[in-house]
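Chain and residue survey
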Amino acid sequence: MNPSTESVVRDLPEALRDETAAQWEAYRTAVDEAGCRAPGQADFLRHLGRVWTGSNFVAQACIRDPRLVEDLLASGDLLGDYAVGELDAKVRAALRAAADDRDLGHALRRLRRREMVRIAWRDLAGWARVEEVLEDLSALADACVRGALERLYAWQCREQGTPKTAAGDKQGLVVLGMGKLGARELNFSSDIDLIFAYPEAGQTGGRRGRSHEEFFIALAQRLIRALNDVTEEGFVYRVDMRLRPYGESGPLAMSFSGLEDYYQSQGREWERYAMVKARPVAGDPAAVAELEALLLPFVYRRYLDFGAFEQLREMKALIQRELERRGLQQHIKLGPGGIREVEFIAQAFQLVRGGREPALRERGLLEVLKRLAARGLLPEFASQRLGEAYRFLRRVENRLQAYADEQTHQLPEDPNARLRLAFSMGYADWTGFMLALDKHRRFVHGQFEQVFTAPQADADAASNGNAGFESLWSGVLDDTAAHQLLSAAGCDDCEEVLRRLAAFREGSALRALGARGRGRLDRLMPLLLGAISEAPDPTQTFVRVLSVIEAIAGRSAYLALLVEHPVALSQLVRLCAASPWVAEQLARYPLLLDDLLDPRQLYRPPARDELQHQLAVRLGQIDAADLEQQMDALRQFQKTAVLRVAAADVLGATPLMRVSDHLTEIAEVVLGEVLTLCWRELLRRHGAPDHRAAHKATPVGFGIIAYGKLGGIELGYGSDLDLVFLHDGPANGARTGGPKPLDAAVFFVRLGQRIIHVLNTLTSAGVLYEVDMRLRPSGASGLLVTSLDAFAEYQQTEAWTWEHQALVRARPVAGDPALAEAFAAVRRTVLARKRDPVALQREVREMRERMRQELDQRDPLRFDLKQGVGGIADIEFMVQY
């Protein structure tokens, strides 16, 4: 054995040395015949031995092209990282001389072989982390697709004319990378899953004009051949198009409108799962942005979609049955504890919450795991361990495939192949490797089971009485048995429960349910009937909870939420038992059900700074120009926050006197954010009304004054907001300095109108707050926004005593701090002026009597808590006097 061969095989296991030594001798012969030099440094040769032992593909590529190693070393490519865009430049340079499709295919295959040798070498030598390897493999595929498409498109436009939009703009093919390519996690010998789309239908120009569909399908076919066809030089990538609309029977390329129609009307759940990782690999940036916006509503629902757990559970069961049928339990990707289970865990949370939390729309799995931990959706230790397991499994996957550049995920049976894999992973023998692998797989499978095990599959359910409730819900129990079951559950009005249950079971809402929705309801109702038996008043609780179920029956994602999360179901029953108002709110706004998942959060009303942070995060995820989404987000935030206060209130977790404080803080936080949003929008359109505001995104010269219960920090659950808008802007005649100038006074009126619109408008998420502006100077006939000077003059010379009474509780809640201080000074002056006690007493009493006559219900059998004699208003008037 010559010295160089000894250096190559010195660190290898004895059983693997002969094969690598033979490869090295074959390489030296090829080097001599080519007239080039073999590397001679002992350190490099030891790395070479490890790499060639792990990859016969690399060894054979070097023997076939003995200059390859010399080129990779001389260029520095083998030892260094590529800069962003460097691979694209290499592909363009490699394809520059190609004159036709055949030349292009040859150039791509030569380049692919060089770069795959580089990537495999860096991986097996331990010079690159697994994340870098996956990124490099994906970047190479991206560059090959883009480079080939660029040349083929140019050639086809010369031959058939250029496709253009209706506006006359040139349009090209948009290529979506799916699966591991989309997530930039491509493995060593992976297929690339692609979908092709183009912006608009139409006709190309020129003598040989064709429809855009024909043009782009022909272009797609040429691109697939360039990448997929096997020649004497091999292939570039196996291209899989089965994820496109209609699968193998669908057209290779579709217009954006065709894609939108398909996904809206026929898109299936597994296609949503696949689209989580979809990433545009090639295409014009404007067209790419349009396509991404089009696909987003299909992939991510605007509500928490807990149906994803059920669907992914079913998909995994199908995979498991197929593996068992084929005897592939040692499949590193699909087997128990394999790569797919890690992916399912992460992607389940993405599908469930991605519509509400854009940060979870990340494609890369390791980053998704971090973000899940940061949001408390996965424990920190679970996120870290899953990440470690995923890295280990992906290294195993790459080492399996790098040996012969073959797509395999099955652990080997041959002793030498086992030793080779163990050695390439850093283990002395197969036993040590399998101990480490099984440790990772056990943890992954355990986490998968925790996330995906169906709660209703508990074998103890029947012994807990749910078997009887299943029979009750299905209607097979006779009256006697049904009464006995409900009586044993504590119901005092069995007839009412049975009547309501039968009406719901036979009603039109259930007949309209699809098979999946009906299946979820059939699993939910026995669980619900069992849960209400624990309530203090099961009959009343059942009636309240059923009103919620009736409201959500047509939206099976909410049924899935309650089925998948017994804690959420128990919280629903508990809250409805305690409060009919909460039950009514949940029935009107089912989005609030999302907040029943974590009782630790549900019963702890957040402090003001936490409220501000939560609202800022929620609004920060929405396009600043999308007012409709902002209004919905504000409403969802407000109703969620109020539900948490109500939950803590009715169950005694918050003292009574703190309830109004919490409700007041919620209103103040919302008002502050609404004012800021409206101010920024008007500033963008019209410019600043005052030199002080020219560069401020927060309001200057404008303030919101709260009266009534908000002003007195006594807000209730159904309280409206008594508001007055004041401004301290420039003198008459001043104008704003933006694109559409306005008189400064008009600017502030517009600001007030916009605030009321955002607060008062009824949307699908309800009303934010009802606003009452009648306490402004001159009441309903007065100006919507009053200058501070005019307000002070009115209070001093024209205001009635009852208006001064109202001023007692008035305080600034949002806007310019300087204006707030000036208002406080006006208020002090007005309230502190000398008054005639007798006249004041008469005026207050007269106003109280007028109010009682107009507002007291005057029902001799019922006492009006607020307006009745001796009620809350009497206490308020005494204090104000």
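These numbers come from a predicted model, not from an experiment. (Residues numbered from 1 in each chain as written. Predicted model: local features only at pLDDT ≥ 70, side-chain atom pairs only at ≥ 80, totals over all residues. Heavy atoms only, no water.)

1. Description of the overall build of the chain
In terms of helices and strands, the chain carries 39 helices and ten strands. Expressed as lengths along the three principal axes of its C-alpha atoms, the size of the chain is roughly 120 × 80 × 60 Å. Taken over 881 residues, the chain has a buried fraction of 54%. Restricting to contacts in the chain with at least 6 residues of sequence separation, those with at least 24 account for 72%. With an accessible surface of roughly 38,900 Å², the chain has 51% of that area assigned to carbon and sulfur atoms. (Helix = DSSP H or I, 4+ residues; strand = E, 2+ residues; numbered from the N terminus. Buried < 20%, exposed > 50% of the residue type's maximum accessible area, 1.4 Å probe, protein only. Contact = heavy atoms within 4.5 Å. Areas by Shrake-Rupley, 256 points an atom, 1.4 Å probe, with all protein chains shown as cover.)

2. A short note on unusual backbone geometry
We note that Tyr246 has phi near 70°; this positive angle belongs to a residue other than glycine. Tracing the chain through its elements places Tyr246 in the loop between strand S3 (239–240) and strand S4 (253–255). Given the relative accessible area of 37%, Tyr246 is considered partly exposed. If you check the backbone angles, Ser778 has positive phi at about 70° while not being a glycine. For Ser778, the location among the structural elements is in the loop between strand S8 (771–772) and strand S9 (785–787). Residue Ser778 is classed as partly exposed on the basis of its relative accessible area of 39%.

3. Focus on the environment of Arg353
Positionally, Arg353 belongs in helix H15 (residues 339–353). Relative accessible area serves as the criterion here: at 15%, Arg353 is assigned to the buried category. For the pair Arg353 and Ala646, spaced 293 residues apart in sequence, the C-alpha separation works out to 24 Å.

4. Examining the packing of aromatic side chains
The final tally for this structure, using the stated rule, is 24 aromatic pairs. For the ring pair Tyr198 and Phe216, a centre distance of 4.9 Å and an interplane angle of 15° mean the geometry is stacked. Residue Tyr198 is located in strand S2 (residues 192–198), and its partner Phe216 is located in helix H10 (residues 212–228); the two are separated by 18 residues in the primary sequence. With respect to class, Tyr198 is no different from Phe216; both count as buried. Where Phe702 meets Phe725, the ring centres are 5.7 Å apart and the plane angle is 40°; that geometry is what we call tilted. Of the two residues, Phe702 is situated in strand S6 (residues 702–707) and Phe725 in strand S7 (residues 721–727); the sequence distance between them amounts to 23 residues. Phe725 shares its class with Phe702; the two are buried. An aromatic cluster is defined as three or more aromatic residues linked by ring pairs; in this entry it consists of Trp679, Phe702, Phe725, Phe747 and Phe748. Of note, Arg118 hangs over the ring of Tyr82, and the distance from its end group to the ring centre comes to 3.7 Å. The ring of Tyr589 has Lys639 sitting right over it, with the charged end atom 4.7 Å from the ring centre. (Phe/Tyr/Trp six-rings, centres within 6.5 Å; stacked < 30°, edge-to-face > 60°. Lys NZ or Arg CZ within 6 Å of the ring centre and 35° of its normal.)

5. Topic: the side chain of Glu673
Checked against the element boundaries, Glu673 lands in helix H32 (residues 656–686). An unpaired buried charge is present at Glu673: no salt bridge exists, and Arg680, the closest side chain of opposite charge, is 4.9 Å distant. The residues touching Glu673, leaving out its near neighbours within four places in the chain, are Leu615, Leu619 and Leu634. (Lys, Arg positive; Asp, Glu negative; His and termini not counted. Salt bridge = Lys/Arg side-chain N within 4 Å of Asp/Glu carboxyl O.)

6. Concerning the pattern of salt bridges
Applying the stated criterion across every chain yields a total of 50 salt bridges. Among the ionic pairs, Glu367 bridges to Arg371, the shortest N-O distance being 2.9 Å. Taken as a pair, Glu367 and Arg371 lie in helix H16 (residues 365–374) at a separation of four residues, close to a single helical turn. Given the relative accessible area of 24%, Arg371 is considered partly exposed.

7. A look at helix H6 (residues 86–95)
Every buried residue of H6 is accounted for by Leu87, Asp88, Val91 and Leu95. Axial view of H6: buried residues confined to an arc of 105°, hence all on one face. Contacts from the buried residues of H6 go to helix H7 (101–124) and helix H8 (130–160). (Arc of directions from axis to C-beta.)

8. Considerations on helix H19 (residues 430–452)
Its 23 residues give H19 an end-to-end C-alpha distance of 32 Å, which sits within 8% of 33 Å, the value for a rise of 1.5 Å per residue. The residue sitting at the N-terminus of H19 and contributing the capping side-chain oxygen is Asp429; that oxygen lies 3.3 Å from the backbone nitrogen of Thr431. (Expected span 1.5 Å × (residues − 1). Polar contact = N/O pair within 3.5 Å; in protein donor to acceptor, adjacent residues only side chain to side chain.)

9. Some details on a nonpolar patch on the surface
The grouping of Phe863, Leu865 and Ile872 at the surface amounts to a nonpolar patch, some 320 Å² of accessible area in total. Along the chain, Phe863 turns up in the loop between helix H38 (837–855) and helix H39 (872–880). Residue Phe863 is classed as exposed on the basis of its relative accessible area of 52%. (Patch = residues over 30% accessible without salt bridge, like charges linked within 9 Å, V, L, I, M, F, W, Y side chains within 5 Å.)

10. With respect to a negative patch on the surface
Taken together, Asp478, Asp479, Asp492, Asp493 and Glu495 make up a surface patch of like negative charges. By secondary structure assignment, the location of Glu495 is in helix H22 (residues 494–505). (Charge placed at Lys NZ, Arg CZ, Asp CG, Glu CD.)

11. Considerations on the nonpolar core
Core analysis: the biggest nonpolar cluster contains 81 residues, and Trp52, Trp121, Ile192 and Phe196 have the highest contact counts within it. Looking at which element gives the most residues to this core, the answer is H8, with 13 residues. If sequence neighbours within four positions are ignored, Trp52 has contacts with Thr20, Gln23, Trp24, Tyr27, Val58, Ala59, Cys62 and Trp121. One finds Leu351, Met425, Trp430 and Phe452 within the second-largest nonpolar core, a separate group that totals 68 residues. (Core = buried A, V, L, I, M, F, W, Y, C linked by side-chain atoms within 4.5 Å.)

12. Examining the packing of helix H35 (residues 788–797) against helix H37 (residues 817–832)
Orientation of H35 relative to H37, taken along the N-to-C sense of each, is 10°, at an axis distance of 10 Å. Between H35 and H37, the interaxial angle falls into the category roughly parallel. Taken together, the residues of H37 that come into contact with H35 (itself represented by Leu788, Phe791, Ala792, Gln795 and Gln796) are Ala822, Phe823, Val826, Thr829 and Val830. Of the residues belonging to the contact of H35 with H37, the class tally is seven nonpolar, three polar and no charged. (Axes fitted to C-alpha atoms, helices over the stretch in contact; angles between N-to-C directions. Parallel < 35°, antiparallel > 145°, perpendicular 65-115°, else oblique. Nonpolar A, V, L, I, M, F, W, Y, C, P; charged D, E, K, R; others polar.)

13. Concerning the environment of Glu213
Looking at the element boundaries, Glu213 is found in helix H10. Once the C-alpha coordinates of Glu213 and Gly202 are considered, the two residues, eleven residues apart in sequence, prove to be 8.0 Å apart. Residues in contact with Glu213, not counting those within four places in the same chain, are Tyr198 and Pro251.

14. Concerning the pairing of S2
Among the seven residues in S2, seven count as buried, and that is most of the element. Here S2 shows a buried face lined by Ile192, Leu194, Phe196 and Tyr198 and a second buried face lined by Asp193, Ile195 and Ala197. Where S2 and S3 come together, two bridges link them in parallel fashion. Residue pairing across strands places Asp193 opposite Asp240, the latter belonging to S3. Direction of pairing for S2 relative to S4: parallel, over a ladder of three bridges. Bridged to Ala197 within S4 is Met254. (Pairing = 2+ DSSP bridges.)

15. With respect to the environment of Arg754
Counting through the fold element by element, Arg754 comes out in helix H34 (residues 744–760). It is 53 Å that separates the C-alpha atoms of Arg754 and Ala389, two residues lying 365 residues apart in sequence. Not counting residues within four places of it along the chain, the set of residues in contact with Arg754 comprises Leu627, Cys678, Glu681 and Leu682.

16. Quick notes on the packing of helix H21 (residues 479–488) against H22
In the contact formed by H21 and H22, the axes pass within 10 Å of each other and the chain directions differ by 115°. One finds that H21 runs roughly perpendicular with respect to H22. Crossing of H21 against H22: the hand is right-handed. Residue-level inspection shows Ala482, His483, Leu486 and Ser487 of H21 in contact with H22, the latter providing Cys494, Glu495, Val497 and Leu498. Residues of the contact of H21 with H22, tallied by class, amount to five nonpolar, two polar and one charged. (Left-handed = near helix turned anticlockwise from the far one by under 90°.)

17. Some details on the confidence of the model for the chain
Here the chain averages 87 in pLDDT, and 95% of its residues register 70 or above. Across the chain, the element-wise mean pLDDT spans from 71 in helix H20 (residues 462–474) up to 97 in strand S1 (residues 174–177). Segment residues 457–464 is flagged for pLDDT under 50; beyond a separation of four residues in sequence, or across chains, it makes three contacts in the model. (pLDDT = per-residue confidence, 0-100.)

18. Some remarks on the side chain of Arg122
Considering the arrangement of structural elements, one finds Arg122 in helix H7. Overall, the relative accessible area of 4% leaves Arg122 in the buried class. A polar contact of 2.5 Å, which involves the side chain of Arg122, links it to the side chain of Asp81. Once residues lying within four places of it in the same chain are set aside, the contact partners of Arg122 are Asp77, Leu78, Leu79, Gly80, Asp81, Trp127, Ala128 and Glu132.

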